[in-house]
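Architecture at a glance
For reference, the chains in residue letters:
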Amino acid sequence: MKLALVSFRRSALLLLALVVLATGLVVTAGQSPAQERTLYWGLSGDDVIRVQQRLLDWGFYDGPVDGFYGSKTQQAVVDFQLNNGLVPDGVVGPNTWAALGFPPAPATAPPPEPPAVSRGVTNRDAVYLLARVIEGEAADEPFEGKVAVGAVILNRTRSAAFPHSLAGVIFQPHAFESVSNGQYNRPVSEESLRAAMLAMSGWDPTGGSLYFWNPAKPVNPWIWTRNIVTQIGRHVFAR
């Protein structure tokens, strides 16, 4: 009787183990591994650094490993794709990630966080919006002048005299000529994107200015009553 009871218990435990194992296999089979973020021109982050470093190691890239997906990184990706029989679209999607030797992340890995920037702005859409206005207002200005224009826009979001959001400042009626005349819709250059990111990271060549203008163009005489801080390129910056 005791032997029969022991045998029954063993059989029950074995059956339970098989059920648990089978359940685990079904759950695992139903899960798909997390995918890497798709990368393309204009993005930035640690995953861009990984791609740049791998392309550099394999001889496809000779630029800076700075985490910014610019035109040089894009061209290196295209060259790598052509060399590996992939669609040469300059976009690092699942197939290109795999060809670069990066396996999918584990299913338990959290989704990647968006790159954080200062002044309360945390998404790349905001960077792109700022870059559009920089391009429209300062396309022909030196790089520091582009950063300066971005800094003025961000400074306004912190001033009680202006709207407190980036979009609010940019789309305030008649605030920026390029928005009023549509010039901010022109293609955004890599330099303007980099200037926007640096401005959001805290670089302010204007010393906290809230205004800028080109003295060679007609302006409201009131603007000359502002406290002038500096001139960068053709723009005067003032508080």
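Refer to the preceding data block for the structure.
Residues numbered from 1 in each chain as written. Predicted model: local features only at pLDDT ≥ 70, side-chain atom pairs only at ≥ 80, totals over all residues. Heavy atoms only, no water.

Before going further, it helps to spend a moment on the overall build of the protein chain. When you go through the protein chain residue by residue, the secondary structure sums to 9 helices and 3 strands. For the protein chain, the residues scored as buried account for 36% of the 239 residues in total. When contacts within the protein chain are restricted to residue pairs at least 6 apart in sequence, those whose partners lie at least 24 apart make up 59%. Roughly 13,600 Å² of accessible area belongs to the protein chain as shown, and the carbon and sulfur atoms make up 59% of that amount. (Helix = DSSP H or I, 4+ residues; strand = E, 2+ residues; numbered from the N terminus. Buried < 20%, exposed > 50% of the residue type's maximum accessible area, 1.4 Å probe, protein only. Contact = heavy atoms within 4.5 Å. Areas by Shrake-Rupley, 256 points an atom, 1.4 Å probe, with all protein chains shown as cover.)

This part covers the pairing of strand 3 (residues 235-238). The side chains of a regular strand alternate, first on one face of the sheet and then on the other. Burial of strand 3 is two-sided: the residues His235 and Phe237 facing one way and the residues Val236 and Ala238 facing the other way are all buried. Across 3 bridges, the pairing between strand 1 (residues 211-213) and strand 3 is antiparallel. Residue pairing in the sheet places Phe212 in a bridge with Phe237 of strand 3. One ladder, built from 4 bridges, connects strand 2 (residues 228-232) with strand 3; its direction is antiparallel. Each bridged residue has a counterpart across the sheet, and for Thr230 the counterpart in strand 3 is Phe237. In sequence, strand 2 turns back onto strand 3 through a hairpin of 2 residues, with Gly233 there showing a positive phi of about 65°. (Pairing = 2+ DSSP bridges.)

A word on the nonpolar core. Note on soluble globular proteins: their nonpolar side chains tend to be buried together. Within the largest apolar cluster, 38 residues are counted, with the highest numbers of intra-cluster contacts made by Leu130, Ile153 and Leu166. Broken down by secondary-structure element, the contributors of at least two residues to this core are helix 5 (124-138), helix 6 (143-157), helix 7 (166-170), helix 9 (190-200), strand 1 and strand 3. If one sorts the elements of this core by residue count, helix 5 sits on top with 8 residues. Setting aside its immediate chain neighbours within four residues, Leu166 contacts Ala126, Leu130, Ile153, Leu154, Thr157 and Met200. (Core = buried A, V, L, I, M, F, W, Y, C linked by side-chain atoms within 4.5 Å.)

Considering the arrangement of structural elements, one finds Ser178 in helix 8 (residues 177-181). When residues no more than four places from it in sequence are discounted, the contact partners of Ser178 are Val133, Gly136, Glu137, Gln183 and Tyr184.

Where helix 5 meets helix 6, the axes come as close as 9 Å, and the angle between the chain directions of the two elements is 125°. The orientation of helix 5 relative to helix 6 falls into the category oblique. You can see that helix 5 and helix 6 cross each other, and the crossing is right-handed. Contacts between helix 5 and helix 6 involve Leu130, Val133, Ile134, Glu137 and Ala138 from the former and Gly145, Lys146, Val149, Gly150, Ile153 and Leu154 from the latter. Residue composition of the contact of helix 5 with helix 6, by class: 7 nonpolar, 2 polar and 2 charged. (Axes fitted to C-alpha atoms, helices over the stretch in contact; angles between N-to-C directions. Parallel < 35°, antiparallel > 145°, perpendicular 65-115°, else oblique. Left-handed = near helix turned anticlockwise from the far one by under 90°. Nonpolar A, V, L, I, M, F, W, Y, C, P; charged D, E, K, R; others polar.)

What follows deals with the layout of surface pockets. Size it by volume and the largest pocket reaches roughly 810 Å³. Taken together, 31 residues make up the lining of the largest pocket; nearest its centre are Glu137, Glu177, Phe212, Trp213 and Asn214. Those elements that provide at least two residues to the lining of the largest pocket are helix 5, helix 8 and strand 1. In terms of residue count, helix 8 provides more of the lining of the largest pocket than any other element does, 4 residues in total. Partitioning the lining of the largest pocket into residue classes produces 13 nonpolar, 10 polar and 8 charged. (1 Å grid on protein atoms, 1.4 Å probe; cavity = no way out; pocket = protein on both sides within 12 Å on 5 of 7 lines; lining within 4 Å. Points joined across faces, edges and corners; volume = space filled by probe spheres on them.)

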